[in-house]
Amino acid sequence: MSTAPEPIRITRGRGGQVEAEGTVDSLAWQLLSRAGFLSGPTINGRWIRLPFDMGEDWENERAAWAAQMLATARFPVQLGPGLSPRASGTTQPAIPSQSLPPRTLMR
């Protein structure tokens, strides 16, 4: 009997902060960190969240980008309601263009 791994949930908390919860290993943390998430100690472990006061559009874009990277790496991930970039009225892609690595030609 196999059990599916616990999904990483990216949600907006009661205080308005965007946080990630669930089983986050080192690869998942690298991907979340790349999207702008921060981590700090708590009494029960660690919190993982985006910085405060960066604007809802920025938070939604980063949350969607993190979810996309995690899903591409085959992590089960759940993106909370209202966190997709389109939910805030923006038409920006989920991956910020300034964060993409430069393209190189293979010869």
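Residues numbered from 1 in each chain as written. Predicted model: local features only at pLDDT ≥ 70, side-chain atom pairs only at ≥ 80, totals over all residues. Heavy atoms only, no water.

1. So, the overall build of the chain
- Each helix and strand in the chain was counted, giving two helices and five strands.
- Along the chain, helices (α) and strands (β) appear in the sequence β-β-α-β-β-α-β when read from the amino end.
- Among the 107 residues that make up the chain, the fraction classed as buried is 34%.
- Taking as baseline every contact in the chain between residues at least 6 positions apart, the subset at least 24 positions apart corresponds to 54%.
- With an accessible surface of roughly 7,400 Å², the chain has 53% of that area assigned to carbon and sulfur atoms. (Helix = DSSP H or I, 4+ residues; strand = E, 2+ residues; numbered from the N terminus. Buried < 20%, exposed > 50% of the residue type's maximum accessible area, 1.4 Å probe, protein only. Contact = heavy atoms within 4.5 Å. Areas by Shrake-Rupley, 256 points an atom, 1.4 Å probe, with all protein chains shown as cover.)

2. Notes on the packing of helix H1 (residues 26–34) against helix H2 (residues 56–72)
- Packing of H1 against H2 brings their axes to within 9 Å, and their N-to-C directions diverge by 150°. By the criterion of interaxial angle, the relationship of H1 to H2 is roughly antiparallel. Two packed elements cross with a definite hand, and for H1 against H2 that hand is right-handed. Contacts between H1 and H2 involve Ala 28, Leu 31, Leu 32 and Arg 34 from the first element and Arg 62, Trp 65, Ala 66, Met 69 and Leu 70 from the second.
- Of the residues assigned to the contact of H1 with H2, the class counts are seven nonpolar, no polar and two charged. (Axes fitted to C-alpha atoms, helices over the stretch in contact; angles between N-to-C directions. Parallel < 35°, antiparallel > 145°, perpendicular 65-115°, else oblique. Left-handed = near helix turned anticlockwise from the far one by under 90°. Nonpolar A, V, L, I, M, F, W, Y, C, P; charged D, E, K, R; others polar.)

3. Considering the environment of Trp 65
- Its place among the elements puts Trp 65 in helix H2.
- When the C-alpha atoms of Trp 65 and Ser 84 are compared, they prove to be 9.0 Å apart, with 19 residues separating the residues in sequence.

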